[in-house]
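Letter by letter, the chains look like this.
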Amino acid sequence: MMNLKKINLIKIKLYNNDFFYEIENICRIFFPHSKILFVEIDKSINKNEDFICINLDKTKNSNIMLSVHTNIDGIKNNKILVIRRKHISDKDIELKICVMLFRILSKITKIESKWGVLTGVRPIKLFHSLSTRKGIEYSMDYFKNRLLVSDEKIKLVRDIEYNQYKILKLSDKKSFSLYISIPFCPSRCAYCSFVSQSVEKSMKLIPEYLELLKKELIYTAHIVKELDLRLEAIYIGGGTPTVLSVCQLEFLMNSVIENFDMKFCKEFTVEAGRPDTINEEKLKVLKNFKDIRISINPQTFNDNVLKIIGRSHTSQDTIKAFQMAKELGISNINMDLIAGLPEDTFMSFHNTIEKALDMKPESITLHTLSVKRASNILETDGDIQKNNDSLRKMLNFAYKAFFECDYNPYYLYRQSKILGNMENTGWAKKGFEGIYNVYIMEEIHSIIACGAGAVTKLKNPINGKIERIFNFKFSYEYVNRFDEIIKRKDKVKNFYEEFQ
């Protein structure tokens, strides 16, 4: 197998097609460290360079000839496929090209992708849509034979789709969920790509930010009441909401329940993610609210890895915070863990899973590390196959352990540049599934969002299309241009009035 770290640049030339996005995604499976450059003219490609040429051409009888030609690390490959034009859509043509390229690159690199050519964020949503329209057997066949997804991932998708069924049924066309952004953290984790600010740099902004956030919440509550929308779930995230003081946290929570009709609300989640931001007083504030669900996130129980990724707490801090929450009577706690962190071996990951299971949280979310451009972390090991094998071993062990301890998978999503082309999965004891997670991932109804960096996603009840309304990313923009935020909220009213 080639040393993929040596492939610094791959040039791609597309003839008579514009399938840029999916072609790049396929290349990223095999060359996550390489620069992908689409070129316009043939002369910009040197025969000694690493390149891919993809051509879509008509034959004499108006059929279509697809050809994929590659030259990677001196290894040349060529595939040609002729198809009948009148029986195929542009989307299917794109898929066939992706499959051709995928097979070539799999052969060259010897890298196995369990998700095949499926690069989308929401595989469960696709599977559910196909099953609803054409049946479960069709969905499974489509994933296996057209998308080249492995049997184990198809089983995972099918299990999750089944476990989500009762949650999806809770929503109707009047339903919505509320997301509230607190974009402040005690420090920035090395793997983080979210727009958040450390408290020491932005402490002065927090009081004014919260006052304005309350105004946005009041204005939003007025709109949803006027539209007669039904609040199903609330999620306060960030950032780290528990970086707020006790008084500030109470102010925020009261700003929500005093203005929104909570009659139908089934879940109220607060990210208490960093154990070093949690104390007894803050937990007591949270405990006062009905159906509270919190997330205490160790990420790993390896203290050396915690230091490397920029977390200022220890694994013992996580254990203390968790025990404190349980003693105060908080009965729905999630834990986030990450597979693939730097310096985290299979044995230390094994230890993390066992410690988490010993603590018996109601749910566990297992992420696979995603190395984003905006993060401060970089992979240093160029042996992609070795990394993939290690990650696969980690996930297989964790999934088996979760099943044995009566956790079931209930939601899944994937990210660009996720290590090993793997996935993030949520696991829960029966009755403790995070319903907001399902709603937002499956885009089952509108998510109305408040705060800096928040994105409102309005679902068209007729055709299912999503319309987005963006708040300003940074807290200082949010504060300085708040009037514009309020004006944008009127788009929610305009959107729903079209269907009334």
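Above this text sits the structure in question.
Reading guide: rules and limits
- Residues numbered from 1 in each chain as written.
- Predicted model: local features only at pLDDT ≥ 70, side-chain atom pairs only at ≥ 80, totals over all residues.
- Heavy atoms only, no water.
- Axes fitted to C-alpha atoms, helices over the stretch in contact; angles between N-to-C directions.
- Helix = DSSP H or I, 4+ residues; strand = E, 2+ residues; numbered from the N terminus.
- Parallel < 35°, antiparallel > 145°, perpendicular 65-115°, else oblique.
- Contact = heavy atoms within 4.5 Å.
- Nonpolar A, V, L, I, M, F, W, Y, C, P; charged D, E, K, R; others polar.
- Core = buried A, V, L, I, M, F, W, Y, C linked by side-chain atoms within 4.5 Å.
- Buried < 20%, exposed > 50% of the residue type's maximum accessible area, 1.4 Å probe, protein only.
- Pairing = 2+ DSSP bridges.
- Expected span 1.5 Å × (residues − 1).
- Salt bridge = Lys/Arg side-chain N within 4 Å of Asp/Glu carboxyl O.
- Arc of directions from axis to C-beta.
- Polar contact = N/O pair within 3.5 Å; in protein donor to acceptor, adjacent residues only side chain to side chain.
- Phe/Tyr/Trp six-rings, centres within 6.5 Å; stacked < 30°, edge-to-face > 60°.
- Lys NZ or Arg CZ within 6 Å of the ring centre and 35° of its normal.
- Patch = residues over 30% accessible without salt bridge, like charges linked within 9 Å, V, L, I, M, F, W, Y side chains within 5 Å.
- Areas by Shrake-Rupley, 256 points an atom, 1.4 Å probe, with all protein chains shown as cover.
- Lys, Arg positive; Asp, Glu negative; His and termini not counted.
- Charge placed at Lys NZ, Arg CZ, Asp CG, Glu CD.
- Left-handed = near helix turned anticlockwise from the far one by under 90°.

Draft legend 1. Structural context of the packing of helix H5 (residues 151-168) against helix H14 (residues 435-442). H14 packs onto H5 with a crossing angle of 100° between their chain directions and a minimal axis gap of 10 Å. Relative to H14, the element H5 is oriented roughly perpendicular. Across the interface between the two elements, Gln 164, Ile 167 and Leu 168 of H5 pack against Ile 435, Val 438, Tyr 439 and Glu 442 of H14. Looking at the contact of H5 with H14, its residues break down into five nonpolar, one polar and one charged.

Draft legend 2. Spatial organisation of the nonpolar core. If you look at the biggest cluster of nonpolar residues, it comprises 137 residues, and the most contacted ones within it are Phe 143, Leu 178, Leu 213, Ile 294 and Phe 402. A total of eleven residues in this core trace back to one element, the largest contributor, which is helix H2 (residues 90-109). Contact partners of Phe 143, with chain neighbours within four places excluded, come to Leu 118, Pro 123, Leu 126, Phe 127, Leu 130, Leu 148, Val 149, Ile 154 and Val 157. Judged by nonpolar contacts, the second largest core, of 17 residues, contains Tyr 410, Tyr 411, Val 438 and Ile 447.

Draft legend 3. The sheet that holds strand E4 (residues 64-72), seen in detail. With mixed pairing, five strands are arranged side by side in an open sheet as E2-E1-E3-E4-E5. Looking at which strands have only one partner, the edges of the open sheet turn out to be strand E2 (35-38) and strand E5 (75-83). Adjacent strand axes in the sheet meet at a mean angle of 15° when their direction is disregarded. For E4 and E5, the ladder comprises nine bridges, and the chain directions are antiparallel.

Draft legend 4. Just H2, in detail. Across its 20 residues, H2 extends 28 Å between first and last C-alpha, which sits within 8% of the 28 Å expected from 1.5 Å per residue. Where burial is concerned, most of H2 is hidden: 14 out of the 20 residues are buried. Positioned one or two residues after H2, Lys 110 has a phi angle of 65°, which is positive.

Draft legend 5. Local environment of the pairing of E4. The buried count for E4 comes to seven of nine residues, which makes it a mostly enclosed element. Judged from the eight bridges that link them, strand E3 (residues 51-58) and E4 form a sheet pairing that is antiparallel. The residue bridging Cys 53 from the neighbouring strand is His 69, located in E4. A loop of five residues connects E3 with E4, the two strands running antiparallel in sequence, and Ser 62 in this loop sits at a positive phi of about 70°.

Draft legend 6. Here's a closer look at the pattern of salt bridges. One pass over the structure, following the stated rule, counts 26 salt bridges. Among the salt bridges present, the one from Lys 91 reaches Glu 94, with a minimum N-O distance of 3.3 Å. Pair noted here: Lys 91 and Glu 94 are both in helix H2, with a separation of three residues, about one helical turn. With relative accessibility at 12%, the residue Glu 94 sits in the buried group. If you follow the salt bridges from partner to partner, you end up with Glu 112, Lys 114, Glu 152, Lys 153, Asp 389, Arg 392 and Glu 423 in one network.

Draft legend 7. Quick look at the environment of Leu 118. Relative to the elements of secondary structure, Leu 118 occurs in the loop between H2 and helix H3 (123-134). As for Leu 118 and Arg 146, which are separated by 28 residues in sequence, their C-alpha atoms are 9.5 Å apart. Non-local contacts of Leu 118, meaning those with residues more than four positions away in its chain, are made with Pro 123, Leu 126, Phe 143, Leu 147, Val 149 and Arg 414.

Draft legend 8. Just helix H11 (residues 315-327), in detail. Across its 13 residues, H11 extends 19 Å between first and last C-alpha, which sits within 8% of the 18 Å expected from 1.5 Å per residue. Within H11 the residues assigned to the buried category are Ser 315, Thr 318, Ile 319, Ala 321, Phe 322 and Ala 325. One side of H11 carries all its buried residues, which in axial view fall inside an arc of 165°. Of the surrounding secondary structure, the elements contacted by the buried residues of H11 are helix H9 (280-287), strand E11 (292-295), helix H10 (303-308), strand E12 (333-339) and helix H12 (346-359).

Draft legend 9. Region of the structure containing unusual backbone geometry. Omega for the peptide link from Gly 238 to Gly 239 comes to 15°, which places this bond in the cis form. Tracing the backbone through its elements, the reader meets Gly 239 in the loop between strand E9 (230-238) and helix H8 (246-257). The residue Glu 443 is not glycine, and still its phi comes out positive at about 50°. What makes Glu 443 buried here is its relative accessible area of 9%.

Draft legend 10. Molecular detail of the side chain of Lys 11. Checked against the element boundaries, Lys 11 lands in strand E1 (residues 9-15). There is a polar contact of 3.3 Å between the side chain of Lys 11 and the side chain of Glu 49. Setting aside residues no more than four positions away along its own chain, Lys 11 makes contact with Leu 37, Val 39, Ser 44, Ile 45, Glu 49, Asp 50, Phe 51 and Ile 52.

Draft legend 11. Region of interest: the packing of aromatic side chains. Evaluated as defined, the whole model comprises 20 aromatic pairs. With 5.3 Å between their ring centres and 80° between their planes, Phe 495 and Tyr 496 make a pair best called edge-to-face. With respect to burial, Phe 495 and Tyr 496 carry one shared label: buried. One aromatic cluster in this structure is built from Tyr 399, Phe 402, Phe 403, Tyr 407 and Trp 427. Stacked on the ring of Phe 346, the Lys or Arg Lys 393 has its end atom at 4.3 Å from the ring centre. Residue placement shows Lys 429 over the ring face of Tyr 407; its charged tip is 4.6 Å from the ring centre.

Draft legend 12. Examining a positive patch on the surface more closely. Together, Lys 79, Arg 103, Lys 107 and Lys 110 give the surface a local cluster of positive charge. Residue placement: Lys 107 occurs in helix H2.

Draft legend 13. Highlighting the packing of H8 against H9. One way to put it is that H8 packs onto H9 with a least axis distance of 9 Å and a crossing angle of 10°. Taken as axis vectors, H8 and H9 run roughly parallel relative to one another. Crossing angle aside, the handedness with which H8 passes H9 is right-handed. Packed against H8, whose contacting residues are Val 246, Leu 249, Glu 250 and Met 253, the element H9 presents Glu 281, Lys 282, Val 285 and Leu 286 at the interface. Taken together, the residues of the contact of H8 with H9 break down into five nonpolar, no polar and three charged.

Draft legend 14. Inspection of the environment of Ala 428 at higher detail. As for its placement among the helices and strands, Ala 428 is situated in strand E15 (residues 424-428). Residue classification places Ala 428 among the buried positions, given a relative accessible area of 1%. Put simply, Ala 428 and Tyr 410 are 18 residues apart on the chain and 7.0 Å apart in space, counted from C-alpha to C-alpha.

Geometric descriptors of this kind do not, in isolation, establish any biological role.
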